[in-house]
Amino acid sequence: MESVTARPAPRPTDDSAVYWNAIARHELVAQRCDGCSTLRHPPRPMCPHCRSLEWCEQRLAGTGSLYSYAVLHHPRSPAFDYPVLVALVDLDEGIRIVTNLVDIESRDIRIGMRLRVAFEATSDGAAVPVFGPDPNDTVPA
Amino acid sequence: MTRAHVLPRDAAAIAGIGQTEFSRHAGRTELQLASEAIVAACADAQIEVADVDGLVSYTIDPVEETELVRTVGLQEIGYSARVPYGGGGSMGVLMHAAAAVASGVADIVVCYRAVRARSGATRFGGAKVAVNVANTHAGTTASQWCMPHGALTPASWIALNATRYMHQYGATNEDFGRAVVQLRTYAATNPAAWGYQRPMALADHQASRWIAEPCIRMFDCCQETDGSVAVVVTSHERAAAMPHPPVGIAAVAGAARFEQEIASDHYRPDLSVMESSAVLARRLFDDAGFRRDEIDLAMIYDAFSPILFMQLEALGFCGPGEAKDFVGDGNLAPDGSLPCNTNGGLIGEGYIHGLNMVTEAVRQIRGTAANPLPAVEVALVSASRTGAILTRS
Ligand SMILES: [Zn+2]
């Protein structure tokens, strides 16, 4: 077996550090505009709706539904386990993020399924958000 | 009457085209490949290379202008530009060239692209880890948002859109395969194509391995290619004095919506629709005054087969979700309603990042294509968010 090296840490920029720093402490956040209260992701310095430069971090519930996904087989990086389940999750607060699905077999993935966030460690003590089936969801898949 | 958002119909024309061979191992640098293609394009137009006074390429092209100028012996450059957004922005080179000529800041502009996507330092489809989050002007933030999640390739980013498209409309990978079979049929009789003499059946497509399930198999992907393409753009007047009948850049336009990216386009509300292509169609058809039924040839950016389907719908050649039937009914074939990618496309001929769609359109209009259509007067080239309508002058 090929040994799997640690998952690489994200590389935040000064503009995106708000998101990745929160993820590193196992919190999912988005920027909320002080001017018009709109949430935004990916992070950016200005609100595209009212052009306010003032914002604060809003902690998100970490729940959402699956918008789309792909089961990645090739090419393969030694830093990941295959297949990689990559996903787009529409969070309940109304923003979308790229993430991974965990605790599910690819054949059981359903668009629209309810999901809940967890966090997976990477190299350099950082983390990435991942999503698994929401145990509180009573709607049958 | 010229309308908003497009250059005037007679702004400029294509007078020459050139290319290297398309291969998996060029055995020489991008600088040499670009130089060879430019010299070939100038020879095709029968102009002196030294008379070129404008250069346009992609932001991500590795060939440095200064090196290119001193290699091919250009004497005086009046205009140069680079176009962002990767292959989706590729028809922006024609827009820059035509605008430069129309404005008078340059007389003869060469558009070029040179790649070693197969043998170079980074394979186009290879697994890249997020080593560089700096702005690379490639039209993507994938290194920030996709790569930490193991989505390391353009195929993996586009797969997220393609899965949603399939979910929305019930399209299957087998549907995509029917388009690929047609592209490979064209490529099989194009000596310049990677797929020359290698036609493919639907069963071969369906037997190829998954790249990204449930949407993209190996044969849904374009060919990682080494090679270069160059196009000479000048005024209609000058072009008319050159040996080939000029190919008019009758309309050229760009279109990108808020929150759009190239390939990693994940933040628009509805990813089952290629909205940039719908805007592009509005500009090329409505604003420029062309009708869809005037299009004799469509060259549509097919880096991956699902985006061919999404463009067919967004450009208005069929309704939302109808591309599977449009393709399945044979409309992309030579005798169909919309002969498409007659060189085999990026999937069958090779991936010179979209610029080889222009050379094929020019050859079809000239009547010199490997798979000639009866009479091409009007050709559409769509790179999804940039595009052009080329006409026989
Ligand atoms: Zn605001």
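Residues numbered from 1 in each chain as written. Chains lettered and ligands numbered in written order. Predicted model: local features only at pLDDT ≥ 70, side-chain atom pairs only at ≥ 80, totals over all residues. Heavy atoms only, no water.

Section: empty space enclosed by the protein
For the coordinates displayed, the defined rule picks out two cavities of 30 Å³ or more. As a volume, the largest cavity reaches approximately 50 Å³. Around the largest cavity sit Leu72(A), His74(A), Pro75(A), Tyr82(A), Ala127(B), Gly150(B), Leu152(B), Thr153(B) and Ser156(B), which together line it. Its residues placed into classes, the lining of the largest cavity shows five nonpolar, four polar and no charged. If you add up the space inside the second largest cavity, you get close to 30 Å³. Lining the second largest cavity, in full, are Tyr19(A), Trp20(A), His41(A), Ile97(A), Val98(A), Trp145(B), His149(B) and Tyr267(B). Elements with a contribution of two residues or more to the lining of the second largest cavity: helix 1 (17-24) and strand 6 (96-101) of chain A. Here the lining of the second largest cavity is built from residues that sort into six nonpolar, two polar and no charged. (1 Å grid on protein atoms, 1.4 Å probe; cavity = no way out; pocket = protein on both sides within 12 Å on 5 of 7 lines; lining within 4 Å. Points joined across faces, edges and corners; volume = space filled by probe spheres on them. Nonpolar A, V, L, I, M, F, W, Y, C, P; charged D, E, K, R; others polar. Helix = DSSP H or I, 4+ residues; strand = E, 2+ residues; numbered from the N terminus.)

With respect to the nonpolar core
Residue and element names in this part refer to chain B. Ile14, Leu94 and Leu390 are the most contacted members of the largest nonpolar core, which has 150 residues in total. Tallying contributions element by element places helix 5 (residues 154-169) first for this core, with eight residues. Membership of the second largest hydrophobic core comes to 26 residues, among which are Ala26, Val52, Leu55 and Tyr112. (Core = buried A, V, L, I, M, F, W, Y, C linked by side-chain atoms within 4.5 Å. Buried < 20%, exposed > 50% of the residue type's maximum accessible area, 1.4 Å probe, protein only.)

A word on the sheet that holds strand 7 (residues 226-234) of chain B
Strand pairing in a sheet takes place through backbone hydrogen bonds and is either antiparallel or parallel in direction. All names here are of chain B. What the nine strands build is an open sheet, ordered 3-2-4-7-1-8-11-10-9; its pairing is mixed. Where the open sheet ends on each side, the last strands, each with one partner, are strand 3 (79-83) and strand 9 (297-300). Here the strands of the sheet are splayed against their neighbours by 25° on average, with no regard to which way each runs. Examined bridge by bridge, strand 1 (residues 13-19) and strand 7 share six bridges and lie antiparallel to one another. Residue pairing for strand 7: Ile14 is matched across the bridge by Val233. (Pairing = 2+ DSSP bridges. Axes fitted to C-alpha atoms, helices over the stretch in contact; angles between N-to-C directions.)

Brief notes about the coordination of the zinc ion
Residues and elements named next belong to chain A. Protein coordination at the zinc ion: the donors are Cys33 (SG), Cys36 (SG), Cys47 (SG) and Cys50 (SG), at 2.3 to 2.4 Å from the metal. For the zinc ion, the four donor atoms in the first shell make angles of 96 to 115° at the metal, so the coordination geometry reads as tetrahedral. One chain supplies every donor to the zinc ion, and in sequence these donors are spaced C-x2-C-x10-C-x2-C. Taken as a pair, Cys36 in the loop between strand 1 (29-33) and strand 2 (39-40) and Cys47 in the loop between strand 2 and strand 3 (55-59) lie far apart in primary sequence, 11 residues in all. Residue classification places Cys36 among the partly exposed positions, given a relative accessible area of 33%. (Donors = N, O, S within 2.8 Å, 3.2 Å for Na, K, Ca; no water. Tetrahedral: all angles 85-135°; square planar, octahedral: opposite > 155°, others 65-115°.)

Things to note about the pairing of strand 8 (residues 127-133) of chain A
Residues and elements named next belong to chain A. Counting buried residues in strand 8 gives six out of seven residues, a clear majority hidden from the surface. Both strand 6 and strand 8 contribute to a ladder of two bridges, which runs parallel. Counted as the bridge partner of Leu101 is Phe131 from strand 8. Where strand 7 (residues 114-121) meets strand 8, seven bridges bridge the pair, whose relative direction is antiparallel. By the bridge assignment for strand 8, Glu120 is matched with Val128. Here strand 7 hands over to strand 8 after five residues, with Asp124 in that stretch at a positive phi of 60°.

A closer look at the interface of chain B and chain A
Opposite the 38 residues of chain B that make contact, chain A presents 38 residues. Buried surface at the junction of chain B and chain A, summed over both partners, amounts to about 3100 Å²; 63% is from carbon and sulfur atoms. Three residues stand out in chain B for area buried against chain A, namely Trp145(B), His149(B) and Leu160(B), and they jointly supply 24% of the buried area on that side. Linking chain B with chain A are one salt bridge, by the criterion used here. Between Arg44(A) and Glu259(B) there is a salt bridge; the shortest N-O distance is 3.3 Å. The interface formed by chain B and chain A includes 20 residue pairs in polar contact (both at pLDDT 80 or more). Of all the secondary structure elements, the ones that give two or more residues to the side of chain B that touches chain A are helix 4 (142-145), helix 5 and strand 5 (210-213) of chain B. A per-element tally of the side of chain B that touches chain A places helix 5 of chain B first, with six residues. Considered class by class, the residues forming the side of chain B that touches chain A number 21 nonpolar, 11 polar and six charged. Sheet topology places strand 4 (residues 63-72) of chain A next to strand 5 of chain B; two bridges connect them, and they run antiparallel. Bridging from a neighbouring strand, Leu72(A) pairs with Ala212(B) of strand 5 of chain B. (Contact = heavy atoms within 4.5 Å. Buried area = accessible area lost by both parts, 1.4 Å probe. Salt bridge = Lys/Arg side-chain N within 4 Å of Asp/Glu carboxyl O. Polar contact = N/O pair within 3.5 Å; in protein donor to acceptor, adjacent residues only side chain to side chain.)

So, the pattern of salt bridges
Applying the stated rule across the entire model yields 25 salt bridges over all chains. Here Asp134(A) makes a salt bridge to Arg116(A), at a shortest N to O gap of 3.3 Å. Taken together, the positions of Asp134(A) in the segment after strand 8 and Arg116(A) in strand 7 put the pair 18 residues apart, joining distant regions of the chain. Since its relative accessible area comes to 10%, Asp134(A) is described here as buried. Ionic pairing is found between Glu65(B) and Arg82(B), a salt bridge with its closest N-O pair at 2.8 Å. Note that Glu65(B) is positioned in helix 2 (residues 65-72) and Arg82(B) in strand 3, a separation of 17 residues in sequence. Judged by its relative accessible area of 17%, Glu65(B) falls in the buried class. By relative accessible area, which is 24% here, Arg82(B) ends up partly exposed. A cluster of three or more residues bridged by salt bridges with shared partners is formed by Arg25(A), Glu27(A), Glu57(A) and Arg59(A).

Looking at helix 3 (residues 92-103) of chain B
The terminal C-alpha atoms of helix 3 of chain B lie 16 Å apart, and with 12 residues this matches the ideal 16 Å at 1.5 Å per residue to within 8%. For helix 3 of chain B, the set of buried residues is Gly92(B), Val93(B), Leu94(B), Ala97(B), Ala98(B), Ala100(B) and Val101(B). (Expected span 1.5 Å × (residues − 1).)

A short note on the packing of aromatic side chains
This structure, assessed with the given rule, holds eight aromatic pairs over all chains. Here the aromatic rings of Tyr19(A) and Trp145(B) are separated by 5.2 Å at their centres, their planes lie at 75°, and the arrangement is edge-to-face. Of this pair, Tyr19(A) sits in helix 1 while Trp145(B) is found in helix 4, placing the two residues in two different chains. Summarising the aromatic geometry, the rings of Phe285(B) and Phe317(B) are spaced 6.1 Å apart at their centres and angled 90° between planes, so their arrangement reads as edge-to-face. Highlighted residues: Phe285(B) in helix 9 (residues 275-287) and Phe317(B) in the loop between helix 10 (305-314) and helix 11 (323-328), separated in sequence by 32 residues. (Phe/Tyr/Trp six-rings, centres within 6.5 Å; stacked < 30°, edge-to-face > 60°.)

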